[in-house]
Amino acid sequence: MLTRLSLRKSLPLLLGLFAGLYILLMIGLHLPRTARLAEEDLKRYTEQILILVQSSASDHLRQRRTDELQSVLADLGSLPGVRWAMVIDDRQRVIAASRLGLDPGEQLGDAGTLQTLLGGDRSRWQPLQERRYLASYPLVHTYAQGQLLRNNLLVSLDYEQHLDQRRSNAWMSLTQTLGLLLLLGLLLNLLYGRLVTRRLGVISTAVQRYASGDSNAQASVGGRDEISRLAENFNQMIQQLGENQTALRDSEQLLRNLVSAAPIAMLIIDADGRVEEANPAAGRLFGRSLRSLAELPSQALLGEPNWRQLQERPRQQQEITVRCGDRPLSLEGSCTPFERNGQAFHLLLLHDIGDRKRAEQRLRHLANFDQLTEVANRNHLLIRLDELLARGGPLSLLFLNIDHFKRINDSLGHDIGDQLLRAVADRLRLYASPRDLLARLGGDEFLFLLDGRDSAAAVGLGERLLEALRQPFQARQYSLYITASLGITQHTGRGGTGSELLKQADLALLRAKTEGRNRLACFDSQLAAEAEERQRMEDELRLAIAREEFELHYQPQVDNDNRPRSVEALLRWRSPSRGLVSPLQFIPVLEDTGMIRDVSRWVFRQACRQAVQWSAQGLKLRVAVNLSPLDFRQPNLAEILTGILAEEGAPAELIELELTESALLESDGSVQETLRRLKEIGLPLYLDDFGTGYSSLTYLQKFRFDGLKIDRQFVAELPENPRSVALVRGILTMAAQLGLEVVAEGVENERQAAFLRLNGCHRLQGFLFARPRPAADCAWQAQRA
Ligand code: C2E
Ligand code: MG
Ligand code: MG
């Protein structure tokens, strides 16, 4: 109950209650009890005195000492509550009395009572009125005039006055106590007000101010007691709350900023499927204002199936396509259910993956289509081919190459070459039925994959293509006339892998080329046998490398005095089954399979050894080593050769390198860099088979050669054929101008030798001087030595 009142009122009330209770207790219990006890005390005390007086009065009576008796009674009369005392005999004669006598008109008592009191042998107290008694104490008997007289001490007692005094004293002390209590209460109330109520009020006001929004509210209460500590704690709490609130506000603001700035659309959907809130990214994504998004049903925004799909798989990233106006939106998003204030909501996160989809599509396109011509690429073709083969059924491959395309590229530039390739692809595309796949495998190689068609159909198509390609192409100002070679193969539905089929088409194409180009050729049993033989040779060559079945033969290049200056190392394969095999037969196989790299290293090492050996024998000879175009595709060729030179202890000046123009075909910066480093090492470079390629002059300009070797087809018809004469003279003049040394190959007779020497070619190689022989059989060694 007290807690319902303010402390300011409850303390005085409490004090008042205590005071009232105190007064009630005093008046109701304490004061009457005190009066009763005081009366009893007084009576007991009076009794004890009266017993003493009884004895001394008896003595005085016996001795007849009346004065002493009088004095005793006088003393007795001065006792509190004793009105009078007298010694009286049973004839009611007063023998002695205290000074105070009876009140006027006062009776000693009624006769009967007095007779009873005076006649008894025992002391007795006879109550007269309230707190008034007549006490009688028997004394010794005396004789007077021979008569026995009974004497009594008779005392009138009245405690009323005395007790009144005691009562008024008690009231006085009660009043004093109450006054004191009141004063104390006032003082306490004052102190309580100052120390507790007012200070708590300060705290309470601060709390109210804080509650009504004043975040700086502080309770300034001095002191070091609990209340000041409470105020201090309150202030600290307010400060802490303020800091927490600032942090909370900051983080809330940050979160809001993040949500606003997030590139991901965020929407809160209520239980009825309506948009409750959305961030700016959502507005941008759907091309709507945030206001128009609010309250919009999510089905209307996303479409019923999408909304259902998102809900059915909560928290999972899913891709959906939404129609936004007339454009489709590719979105990725998730739907997360959550509760707020007991209500169910969904958080929808969405972002546009249109760009990614387009990029993926572009990547897929890049992975499967040729960038230049937009027809399928090799990868796409191989996948489709494997699919069709797995399905079974007939199919044909038609492999097409533009004849001498390289010439166009080299003479008119790559731009024109590219334009031509695009135009060719466009024209070829016209002939591809929907079931066919046209692909560009690289360079000028096109391939038709004809699903469900046999080779007869392919031949029909091939002939139409040949005819179509003969019509000129226009690239800028040039009218380009081209022809093509075609290789055809078919798959009848049994056996054969994709790469085998491609190989067959390639072999057929090769035949079309070797038969003069501008034609088509089909893969047949002869080609199959050749392919089989080639495979066999490949297998045997692998073994040959392992078993070291190769050997080198040496053919000298002689000077004007027919003395060998250099020796060309020519590779031979001593096959256990085939005998001595010409490099013209097996080097293409080594090149096709990449085995040539290992073999070239072996040749180079053997040539170094031989050169060192000849050098040790005093023969000043350089050994010329033929390298394959494939060797030049190794970026570390110079390092490999340097390593072998060092291992064999061969100085670079003992070796020459011969390379054909095909090594420089499609050469990029790395081939040029390899040639530069080979020259740095000190290895002279010779361009072999000069004149049989297409753009020798370009290469001579591009690369720094030490010399060139005129191919033997030019030498063969010297000096009879005027064209050969003109060509060889031309080559020699040009080489002289460029400071290049010239070696003539295939010199078989004296007339050729004479012509060449006469025209300034001083290094000759051919059967006229020596055939290639193993080092041990070289007769010219002795001659040279
Ligand atoms: P090449 O480098 O042009 O070698 C010259 C070829 O002409 C050799 O044929 C040689 O025997 C032949 N020859 C030399 N003088 C005459 C002659 O008076 N009349 C006729 N008819 N032929 C003559 P070979 O040894 O059969 O080599 C053929 C080709 O094989 C070489 O042509 C070269 O391109 C290649 N070759 C040979 N050895 C190697 C090698 O170790 N590595 C590489 N990558 N290719 C090699
Ligand atoms: Mg050579
Ligand atoms: Mg040659």
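In this text, all values refer to a predicted model and were calculated from it rather than measured experimentally. (Residues numbered from 1 in each chain as written. Chains lettered and ligands numbered in written order. Predicted model: local features only at pLDDT ≥ 70, side-chain atom pairs only at ≥ 80, totals over all residues. Heavy atoms only, no water.)

Visitor: Help me out: how do you make sense of the site of ligand 1 in this one?
Guide: In the region of ligand 1, 24 residues are neighbours, and Arg-572, Asp-688, Arg-712, Glu-748 and Phe-767 sit closest. Within the backbone of Leu-571, one N or O atom sits 3.0 Å away from a nitrogen atom of ligand 1. Here an oxygen atom of ligand 1 sits 3.1 Å away from a polar atom, N or O, in the side chain of Glu-745. In isolation ligand 1 exposes 790 Å². Once the protein is present, 87% of that is buried. Mapped onto the shell around ligand 1, the elements with two or more residues apiece are β21 (564–575), α17 (583–593) and β25 (685–690). Residue contributions to the shell around ligand 1 peak at four residues, all from β21. Its residues assigned to classes, the shell around ligand 1 comprises 10 nonpolar, six polar and eight charged. (Near = heavy atom within 4 Å. Polar contact = N/O pair within 3.5 Å; in protein donor to acceptor, adjacent residues only side chain to side chain. Areas by Shrake-Rupley, 256 points an atom, 1.4 Å probe, with all protein chains shown as cover. Helix = DSSP H or I, 4+ residues; strand = E, 2+ residues; numbered from the N terminus. Nonpolar A, V, L, I, M, F, W, Y, C, P; charged D, E, K, R; others polar.)

Visitor: Whenever I open this one, helix α2 (residues 66–77) confuses me. Can you help?
Guide: In an α-helix, one full turn covers 3.6 residues, which means residues spaced three or four apart are oriented alike. Here α2 is 12 residues long and its end C-alpha atoms lie 16 Å apart, about the 16 Å a rise of 1.5 Å per residue gives. Turning to α2, its buried residues are Leu-69, Val-72, Leu-73, Leu-76 and Gly-77. One face of α2 carries all of its buried residues, which in axial projection span an arc of 140°. Of the exposed residues in α2, those oriented more than 90 degrees away from the buried face are Asp-67 and Asp-75. In this fold, the buried residues of α2 make contact with α1 (7–62), β1 (82–89), β2 (94–97) and β7 (151–158). (Expected span 1.5 Å × (residues − 1). Buried < 20%, exposed > 50% of the residue type's maximum accessible area, 1.4 Å probe, protein only. Arc of directions from axis to C-beta. Contact = heavy atoms within 4.5 Å.)

Visitor: How should the coordination of the magnesium ion (ligand 3) be read in this particular structure?
Guide: Angles at a metal have ideal values that depend on geometry: 109.5 degrees with four tetrahedral donors, 90 or 180 degrees with six octahedral donors. Taken together, Asp-688 (OD), Asp-689 (OD), Glu-745 (OE) and Glu-745 (OE) make up the protein donors of the magnesium ion (ligand 3), found 2.1 to 2.5 Å from the metal. Sequence spacing among the residues donating to the magnesium ion (ligand 3) works out to D-D-x55-E. Taken as a pair, the magnesium ion (ligand 3) and the magnesium ion (ligand 2) lie 4.0 Å from each other and share Asp-688 as a ligand. With Asp-688 in strand β25 and Glu-745 in the loop between β27 (741–744) and α24 (750–758), the pair connects residues that are 57 residues apart, well separated along the chain. Accessibility classification places Asp-688 together with Glu-745 in one group, the buried group. (Donors = N, O, S within 2.8 Å, 3.2 Å for Na, K, Ca; no water.)

Visitor: Help me understand the packing of aromatic side chains, please; the structure alone is not making it clear to me.
Guide: In this description, a pair of aromatic rings is defined by centroid distance and the angle of the planes. A complete count under the given rule lists eight aromatic pairs for this structure. Measuring from ring centre to ring centre gives 6.1 Å for Tyr-133 and Tyr-159, while their planes differ by 55°; the resulting arrangement is tilted. Linking Tyr-133 in strand β4 (residues 132–138) with Tyr-159 in the loop between β7 and α4 (160–211), this pair joins segments that are 26 residues apart in sequence. For the residue pair Tyr-133 and Tyr-159, the accessibility class agrees, reading buried in each case. Where Phe-703 meets Phe-705, the ring centres are 6.2 Å apart and the plane angle is 70°; that geometry is what we call edge-to-face. An aromatic cluster of at least three residues, connected via ring pairs, comprises Phe-550, Trp-573, Phe-586 and Trp-602. (Phe/Tyr/Trp six-rings, centres within 6.5 Å; stacked < 30°, edge-to-face > 60°.)

Visitor: Which parts of the structure should I look at to understand the sheet that holds strand β14 (residues 437–442)?
Guide: Strands in a sheet are paired, the pairing made by backbone hydrogen bonds, and the direction either parallel or antiparallel. One open sheet holds the five strands; their spatial order is β14-β15-β13-β18-β19, and the pairing between them is mixed. Where the open sheet ends on each side, the last strands, each with one partner, are β14 and β19 (520–522). Averaged over neighbouring strand pairs, the angle between their axes works out to 20° when direction is ignored. Here three bridges tie strand β18 (residues 484–491) to β19, and the two strands are oriented parallel to one another. Note on β19: the bridge partner recorded for Leu-486 is Leu-520. Lying over the sheet, helix α11 (residues 378–391) contacts β13 (395–402), β14, β15 (445–451) and β18, oriented at roughly 25° with respect to β15. Across the sheet, helix α13 (residues 414–429) touches β13, β14 and β15, and the angle it forms with β15 is around 15°. (Pairing = 2+ DSSP bridges. Axes fitted to C-alpha atoms, helices over the stretch in contact; angles between N-to-C directions.)

Visitor: What's the story with the side chain of Glu-658 in this structure? I'm lost.
Guide: Mapped onto the fold, Glu-658 is located in strand β24 (residues 655–659). By relative accessible area, Glu-658 is classed as buried at 2%.

Visitor: Would you take a moment to explain the packing of helix α16 (residues 525–547) against α17 for this structure?
Guide: Between α16 and α17, the least distance of the axes is 10 Å, while the angle of their chain directions is 80°. By the angle class used here, α16 and α17 are roughly perpendicular. Contacts from Arg-534, Met-537, Glu-538, Leu-541 and Arg-542 of α16 reach α17 at Gln-585, Phe-586, Pro-588, Val-589, Leu-590, Asp-592 and Thr-593. Class assignment of the residues belonging to the contact of α16 with α17 gives a composition of six nonpolar, two polar and four charged. (Parallel < 35°, antiparallel > 145°, perpendicular 65-115°, else oblique.)

Visitor: Would you mind going over the confidence of the model for the protein chain with me for this structure?
Guide: Low-confidence regions, as indicated by low pLDDT, have predicted coordinates that should not be scrutinised in detail. With 97% of its residues at a pLDDT of at least 70, the protein chain reaches an overall mean of 89. Looking at the elements of the protein chain, mean pLDDT is at its lowest for helix α25 (residues 780–784), recorded as 63, and at its highest for strand β23 (residues 622–626), recorded as 97. (pLDDT = per-residue confidence, 0-100.)

Visitor: Got a minute to help me understand the domain arrangement of the protein chain in this structure?
Guide: Much of the literature gives interface size as the accessible area that the parts lose upon coming together. Here the domain parsing of the protein chain yields domain 1 (8–165), domain 2 (262–352), domain 3 (368–523) and domain 4 (538–784). Inter-centroid distance (C-alpha atoms) of domain 1 to domain 2 is 111 Å. (Domains from an automatic or database assignment.)

Visitor: Teacher, can you tell me more about the nonpolar core here?
Guide: Buried together is how nonpolar side chains tend to be arranged in soluble globular proteins. Core analysis: the largest hydrophobic core is formed by 80 residues, its most contacted members being Tyr-554, Ile-655, Leu-657, Leu-678 and Leu-756. Examining the composition of this core, we find that nine residues originate from one element, helix α18 (residues 596–616), more than from any other. Core analysis: the second largest hydrophobic core is formed by 31 residues, Ile-416, Phe-448, Leu-450 and Ala-475 among them. (Core = buried A, V, L, I, M, F, W, Y, C linked by side-chain atoms within 4.5 Å.)

Visitor: Help me out: how do you make sense of the UniProt feature "domain: HAMP" (unreviewed entry) in the protein chain in this one?
Guide: In the UniProt entry, the feature "domain: HAMP" (unreviewed entry) is given for residues 194–246. Helix makes up 74% of residues 194–246 and strand 0%. Its end C-alpha atoms lie 36 Å apart. (UniProt positions renumbered as here; feature names shortened; annotations may be inferred.)

Visitor: Looking at this model, I keep getting lost on the sheet that holds strand β8 (residues 265–270). Mind explaining?
Guide: Pairing is antiparallel in the open sheet, where five strands are placed in the order β9-β8-β12-β11-β10. Whereas interior strands pair on both sides, the edge strands pair on one side only; in this sheet they are β9 (275–278) and β10 (318–324). Direction aside, neighbouring strands of the sheet carry axes that sit 35° apart on average. Bridge count for β10 against strand β11 (residues 327–340) is seven bridges, and the pairing is antiparallel. For Gln-318, the partnering residue across the bridge sits in β11 and is Gly-333. Across the sheet, helix α9 (residues 304–312) touches β8, β10, β11 and β12 (343–352), and the angle it forms with β10 is around 155°.

Visitor: What should I look at first to understand the pattern of salt bridges in this one?
Guide: Between side chains of opposite charge, pairing is possible as soon as their charged atoms come close. Considering all chains together, one arrives at 51 salt bridges under this definition. Put simply, Glu-656 and Arg-622 hold a salt bridge, and the shortest N to O gap is 3.0 Å. Linking Glu-656 in strand β24 with Arg-622 in strand β23, this pair joins segments that are 34 residues apart in sequence. Its salt-bridge partner being Arg-676, residue Glu-680 comes within 2.5 Å of it at the nearest N-O pair. One end of the pair, Glu-680, and the other, Arg-676, are both in helix α20 (residues 669–681), four residues apart, so they sit about a helical turn from each other. Taken together, the shared-partner salt bridges connect Glu-319, Glu-332, Arg-356, Lys-357 and Glu-360 into one network. (Salt bridge = Lys/Arg side-chain N within 4 Å of Asp/Glu carboxyl O.)

Visitor: Even after reading the chapter, I still don't get a nonpolar patch on the surface, so can you show me in this structure?
Guide: Together, Leu-254, Leu-255, Leu-258 and Val-259 make up an exposed nonpolar region whose accessible area comes to about 370 Å². Tracing the chain through its elements places Val-259 in helix α5 (residues 226–261). (Patch = residues over 30% accessible without salt bridge, like charges linked within 9 Å, V, L, I, M, F, W, Y side chains within 5 Å.)

Visitor: What is the right way to look at the coordination of the magnesium ion (ligand 2) in this model?
Guide: Surrounding the magnesium ion (ligand 2) are the protein donor atoms Glu-568 (OE), Asn-626 (OD1), Glu-658 (OE) and Asp-688 (OD), which sit 2.0 to 2.3 Å from the metal. All donors of the magnesium ion (ligand 2) belong to a single chain; written as a sequence motif, their spacing is E-x57-N-x31-E-x29-D. Exposure remark for Asp-688: the relative accessible area of 6% places this residue in the buried category.

Visitor: Quick question: what am I supposed to make of unusual backbone geometry here?
Guide: Glycine aside, residues mostly have negative phi, and peptide bonds are mostly found in the trans state. Omega for the bond connecting Leu-718 with Pro-719 falls within 30 degrees of zero, at -5°, which places this linkage in the cis form. Its location among the elements puts Pro-719 in the loop between α22 (712–716) and α23 (722–738). If you check the backbone angles, His-404 has positive phi at about 50° while not being a glycine. For His-404, a relative accessible area of 28% puts it in the partly exposed group. You will see that Asp-689, though not glycine, has its phi angle at about 50°, which is positive. Mapped onto the secondary structure, Asp-689 falls in strand β25. Residue Asp-689 is classed as partly exposed on the basis of its relative accessible area, which comes to 25%.

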